[in-house]
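# Examining the three-dimensional arrangement
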Amino acid sequence: MDTDLSSQDRKDLDKFIKFFALKTVQVIVQARLGEKICTRSSSSPTGSDWFNLAIKDIPEVTHEAKKALAGQLPAVGRSMCVEISLKTSEGDSMELEIWCLEMNEKCDKEIKVSYTVYNRLSLLLKSLLAITRVTPAYRLSRKQGHEYVILYRIYFGEVQLSGLGEGFQTVRVGTVGTPVGTITLSCAYRINLAFMSTRQFERTPPIMGIIIDHFVDRPYPSSSPMHPCNYRAGEDNGAVYPSVEDSQEVCTTSFSTSPPSQLSSSRLSYQPAALGVGSADMGYPVLFAGGLNAAHPHQLLGPGKEGGVPPVPSQPAHGTQADQERMCTPLDGVHYSAATPSSSEDTETVSNSSEGKSGSPHDLLETIFIRKVGAFVNKPINQVNPPDSPETESPLQGSLHSEGSSGSSTGNTHDDFVMIDFKPAFSKDDILPMDLGTFYREFQNPPQLSSLSIDIGAQSMAEDLDSLPEKLAVHEKNVKEFDAFVETLQ
Amino acid sequence: MNCRAEVLEVSVEGRQVEEAMLAVLHTVLLHRSTGKFHYKKEGTYSIGTVGTQDVDCDFIDFAYVRVSSEELDRALRKAVGEFKDALRSSGSDGMGQISLEFYQKKKSRWPFSDECIPWELWTIKVNVVNLANEQERQICREKVGEKLCEKIINIVEVMNRHEYLPKMPTQSEVDNVFDTSLKDVQPYLYKISYQITDSLGTSVTTTMRRLIKDTLAL
């Protein structure tokens, strides 16, 4: 299969697929941050905007994506998946979407890698930008906050759709044929959000043992932990991720075109392997300059190559910064993915809990269960950040059913719920507490106004009629005053 | 060459017309815009970067992504505004359609003028409904939002069929394929037109054409 593809084309294609996968993850996660995204157009090309689209790279997300890929690329049977799920302040979670980047065996041998495939991947990214705003999870993510947060998880391998519930729907974002297979990007999303509608608005305390847990043991436990789709700028998470600059390969794209009259001549402007130009097809071979050598990401191809190489500037070291400067939304105060470390350094998040406990993930989840009867616990957002524990441990399920864990505020393992005096709004102290429903019903049927009742109305009418002659006499006396007043109005 | 034609239909309330049209037009133009071309010597060119931004609708439970270009946004708003005004002043039925056509220019010899050859045509048929109360309006907000989600999925599906696109032009021909007047992005050459349907179900232009023909036949 590869014999028809030149080695340079193969290298280029692998690079395109790799960066397409990374950009796909960025677009999906950024679309679930809960904020409006805004990037600026630039008439001059920069060295860091792959696929000619301004998509910012959040370093943590890139790190997670690269970790999941582990040097591999999506291939047949090996898909890259981004799972978006929701987690409530009570600790319940639910998978909302699975975005899959897959490859199948259908090859398009005739397609030009460095031109057509690249442009189609760019188009597919634009489609992804559009589609990420129309699935139900987008609106949920825009409203995330105290009651729930949106999490993401990246994994590589077989697609796992079982967590989406019954009747999930699939939308295909698009496909791009390549000489080694067809890239397909799609999204499977949950439509049964009944869990949300019943649990979100219930004001009754959860009943132990009957909590509907959507977090079930995964049939294919993956080692990738969940990450929240929000981030407090300035929060010290105890981990520094290599910024994307360190490993970012330059994307300096220069395209070549030839006038239609030269179509008949063959191999227009063919450059040697390093420049990755395909043979003339429509007469528009493409040449890339710079940064396509995987071994030396920042090395610009020297002028020793055949003529026609434009000196395209590349700013590998400034790519990310340039992106950040171009962001319309300032980083401060914007929620981005948390830099929650991947292994055991979850003490930062746990230490933010009100109980001040640090330690195991179980502690944090136990504290989330302590809630006041009749109202949601209004916890600050960083308390809801899930601990980073390996998926195999199934921490949520463990904490839901564990009884021996030490996590309550009083330290007493039996007091999972703290009863407090119930003083809802509108209640009166001297009589039995009134709930909101009773108050509403009572005030929906107020007594009628006395002046509107017929008897009293009739009585006052009779009185008015009797006093009418006296009033008229008084007014006649003051006729001159009235006339003077009317004249002032004219 | 056959022109690819797609038709979308929406039923909206009067105040939703503008946002619904902009959502569809911007989504199409997002896919049909590239960065600015910079031609260099020896027939090579580089492409600028297209930025994007989220837009929340005020009268529809919907959000969409558009190209970050104020000039492009202004041009679309102007066209949609004219369409909305025409719909409003047309009469009680409130039916019309707005079309976004992508075309290529073909230079002709004198004395013939340049030919405009369309290669893709998007038509959005609009039916304006009148609602009686706030509850109906709230339902309409949600329903129109869901419908627009379906339309976006339809648009994306068409875009990813990878059917005909004009060849990338040389520097001398770039203005025959792309609109190079914007300073930050470069959409394919496009034009927007609209028709208002009168209460008889025929479009105004059709009626005018018939009148003229009848007059000439005398």
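Now for a quick tour of the structure. By convention here, each chain's residues receive numbers from 1 onward along its written sequence. Going through the entries in the order they are written, you letter the chains from A and number the ligands from 1. Only residues with pLDDT of at least 70 get local features here, since the model is predicted, and only at 80 or more are side-chain atom pairs given and counted; chain-wide, interface and lining totals rely on the full set of residues. Think of the side-chain values as coming from all heavy atoms in the structure, minus any hydrogens and water.

## Concerning the overall build of chain B
Of the regular secondary structure elements, chain B holds five helices and 10 strands. For every residue, the accessible area obtained with a 1.4 Å probe (protein chains only) is divided by the maximum for its type, and the residue is called buried under 20%, exposed over 50%, and partly exposed between those limits. Residues counted as buried form 51% of the 218 residues belonging to chain B. Contacts are assigned to residue pairs that have any heavy atoms within 4.5 Å of one another. Intrachain contacts of chain B at a sequence separation of at least 6 include 69% that bridge at least 24 residues. Here a helix means four or more residues in a row that DSSP labels H or I, a strand means two or more in a row labelled E, and each is numbered from the N terminus.

## What about the interface of chain B and chain A?
Across the boundary between the two partners, chain B contributes 43 residues, which contact 49 residues of chain A. Of the roughly 3,900 Å² buried at the junction of chain B and chain A (both faces included), carbon and sulfur atoms supply 57%. The term salt bridge refers to a side-chain nitrogen of Lys or Arg lying within 4 Å of a carboxyl oxygen of Asp or Glu. On the surface where chain B and chain A come into contact, there are four salt bridges. In this structure, B:D54 and A:R133 form a salt bridge, with 2.7 Å as the shortest nitrogen-oxygen distance. Here a polar contact means two N or O atoms within 3.5 Å. Within protein one must be a hydrogen donor candidate and the other an acceptor candidate, and residues neighboring in sequence count only if both atoms are side-chain atoms. Counting across the interface, chain B meets chain A through 18 residue pairs in polar contact (both at pLDDT 80 or more). Top element by residues in the side of chain B that touches chain A is helix α3 (residues 134–159) of chain B. It accounts for five residues. For any pair of parts, buried area is found by adding up, for both, the accessible area (1.4 Å probe) each one loses once the two are put together.

## Quick look at the sheet that holds strand β1 (residues 4–13) of chain B
All names here are of chain B. Pairs of strands are assigned from DSSP output, requiring at least two bridges between the strands. Within the open sheet, the four strands sit side by side as β1-β8-β7-β10. Their pairing is mixed. Where the open sheet ends on each side, the last strands, each with one partner, are β1 and β10 (190–197). Averaged over neighbouring strand pairs, the angle between their axes works out to 20 degrees when direction is ignored. Axis definition: a line fitted to C-alpha atoms, limited for helices to the stretch in contact. Angles are taken between N-to-C directions and run from 0 to 180 degrees.

## Some details on the sheet that holds strand β5 (residues 181–189) of chain A
Strand-to-strand pairing in sheets goes through backbone hydrogen bonds, with the strands running parallel or antiparallel. Residue and element names in this part refer to chain A. The strand order β4-β5-β2-β1-β3-β6 describes an open sheet built from six strands, whose pairing is antiparallel. Edge strands, defined here as strands with exactly one partner in the open sheet, are β4 (169–178) and β6 (227–228). Bridge analysis of β4 against β5 gives nine bridges, and the strand direction is antiparallel. From the neighbouring strand, G177 faces β5, where its bridge partner is T182.

## Overview of a negative patch on the surface
Taken together, the side chains of A:E463, A:D464, A:D466 and A:E470 present a region of like negative charge at the surface. For A:D464, a relative accessible area of 43% gives the class partly exposed. Only residues whose relative accessible area exceeds 30% and that take part in no salt bridge are eligible for patches, with like-charged residues grouped when within 9 Å of each other and nonpolar side chains (Val, Leu, Ile, Met, Phe, Trp, Tyr) grouped when within 5 Å. Computed with the Shrake-Rupley method and a 1.4 Å probe, the accessible areas treat only the protein chains shown as cover for residues. In this tally Asp and Glu are treated as negative and Lys and Arg as positive; neither His nor the chain ends contributes. A charge is said to be at NZ when it belongs to Lys, at CZ for Arg, at CG for Asp and at CD for Glu.

## Side note on the pairing of strand β2 (residues 93–104) of chain A
Residue and element names in this part refer to chain A. β2 sits mainly inside the fold: 10 of its 12 residues count as buried. When strand β1 (residues 79–88) meets β2, the two strands line up antiparallel, connected through eight bridges. In the sheet register, K87 faces β2, and the bridge partner there is S93. Hairpin connection between β1 and β2: a loop of four residues separates the two successive antiparallel strands, and G91 in this loop has a positive phi of roughly 100 degrees.

## Things to note about the packing of aromatic side chains
All names here are of chain B. Two rings from Phe, Tyr or Trp (for Trp, the six-membered ring) form a pair when their centres are within 6.5 Å of each other. A pair whose planes differ by under 30 degrees is stacked, one over 60 is edge-to-face, and the rest are tilted. The tally for this structure, following the rule as stated, stands at 17 aromatic pairs over all chains. Each ring, one from Y39 and one from Y45, has its centre 5.5 Å from the other, and the planes form 45 degrees; the classification is tilted. Like Y39, the residue Y45 is buried in the burial classification. An aromatic cluster of at least three residues, connected via ring pairs, comprises F37, Y39, Y45, F102, W119, Y164, F178 and Y188. The ring of Y103 carries K191 above its face, with NZ or CZ at 4.9 Å from the centroid. In this scheme, Lys NZ or Arg CZ marks a charge over a ring once it lies within 6 Å of the ring centre and within 35 degrees of the ring normal.

## Side note on the side chain of B:R141
All names here are of chain B. Its place among the elements puts R141 in helix α3. The class for R141 is buried, based on a relative accessible area of 19%. At 2.8 Å, the side chain of R141 forms a polar contact with the backbone oxygen of D58. Setting aside anything within four residues of it in sequence, one finds R141 in contact with Q16, D58, F59, I60 and D61.

## What about the nonpolar core?
By nonpolar core we mean a set of buried residues, namely Ala, Val, Leu, Ile, Met, Phe, Trp, Tyr and Cys, connected to one another through side-chain atoms within 4.5 Å. In this structure, A:F20, A:W99, B:M21, B:F62, B:F102, B:W122 and B:V126 are the most contacted members of the largest nonpolar core, which totals 118 residues. The next biggest cluster of nonpolar side chains, apart from the first, holds six residues, and it includes A:C100, A:Y155, A:L164 and A:A188.

## Things to note about the pattern of salt bridges
Scanning the model with the defined rule gives 24 salt bridges over all chains in all. Of the charged contacts, one joins A:D14 and A:R10 as a salt bridge, the two residues approaching to 3.2 Å between their closest N and O atoms. You can see A:D14 and its partner A:R10 sitting in helix α1 (residues 7–31), four residues apart, about one turn around the helix. On the basis of relative accessibility, which here comes to 24%, the residue A:D14 falls in the partly exposed class. Salt-bridge contacts for B:D73 lead to B:R66; the nearest nitrogen and oxygen are separated by 3.7 Å. The class of B:R66 is buried, set by a relative accessible area of 5%. Via salt bridges that share partners, B:R4, B:R32, B:E120 and B:E163 belong to a single interconnected network.

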